[in-house]
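# Examining the three-dimensional arrangement
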Amino acid sequence: MGIYEGLGAHLSQESYNLAVIEDYAYGVKGSRSLTALGEVRGVVLMVVRQWAVPAVDLSIQLWKNFTIGGGMNKQTKAGRDEYLATVQEMYGRIFNTTDEADAFMMFKTVGKLML
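Let us look at the structure shown here. (Residues numbered from 1 in each chain as written. Predicted model: local features only at pLDDT ≥ 70, side-chain atom pairs only at ≥ 80, totals over all residues. Heavy atoms only, no water.)

## Notes on the packing of helix α3 (residues 60–67) against helix α5 (residues 98–114)
- Put simply, α3 and α5 touch, their axes get as near as 9 Å, and they point 80° apart. Between α3 and α5, the interaxial angle falls into the category roughly perpendicular. On α5, the residues that touch Leu62, Trp63, Phe66 and Thr67 of α3 are Asp102, Met105, Met106, Lys108, Thr109, Lys112 and Leu113.
- Along the lines of polarity and charge, the residues of the contact of α3 with α5 split into 6 nonpolar, 2 polar and 3 charged. (Axes fitted to C-alpha atoms, helices over the stretch in contact; angles between N-to-C directions. Helix = DSSP H or I, 4+ residues; strand = E, 2+ residues; numbered from the N terminus. Parallel < 35°, antiparallel > 145°, perpendicular 65-115°, else oblique. Contact = heavy atoms within 4.5 Å. Nonpolar A, V, L, I, M, F, W, Y, C, P; charged D, E, K, R; others polar.)

Written as structure tokens, this is what we have:
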């Protein structure tokens, strides 16, 4: 099952008030990676719009500034561990991956922006 079908199937079973979509990671090296990210992002946007779920673009720098005060280097294991420890210390939440922590941080940013 592809992204279009899988996300559509999920949205047909659940109700959402908002989709938070991280903006492009312009620092990604290699045009293939950026092109692939853009294509996936486009499919996600198309599906959420078809299901009438409002979507907001959130820049990477914005959510980092709102939640941890800036970027942290997650390119090494030590950097990833430090990032996860910082999130745990600041928010009392434990995550297994930096992707999970990033999603939580975006959620926290939207909450702050909507107050």
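## Thoughts on the pattern of salt bridges
- Per the stated rule, a full pass over the model turns up 4 salt bridges.
- Put simply, Arg41 and Asp23 hold a salt bridge, and the shortest N to O gap is 3.7 Å. Of this pair, Arg41 sits in helix α2 (residues 31–50) while Asp23 sits in the loop between β1 (19–22) and α2; the two residues are 18 residues apart in sequence, bridging distant segments of the chain.
- The class of Arg41 is buried, set by a relative accessible area of 12%.
- Among the ionic pairs, Asp102 bridges to Lys74, the shortest N-O distance being 2.8 Å. Highlighted residues: Asp102 in helix α5 and Lys74 in the loop between α3 and α4 (77–91), separated in sequence by 28 residues. Neither residue differs from the other here; Asp102 and Lys74 are each classed as buried.
- Linked by salt bridges that have partners in common, Asp23, Arg41 and Asp57 make up one network. (Salt bridge = Lys/Arg side-chain N within 4 Å of Asp/Glu carboxyl O. Buried < 20%, exposed > 50% of the residue type's maximum accessible area, 1.4 Å probe, protein only.)

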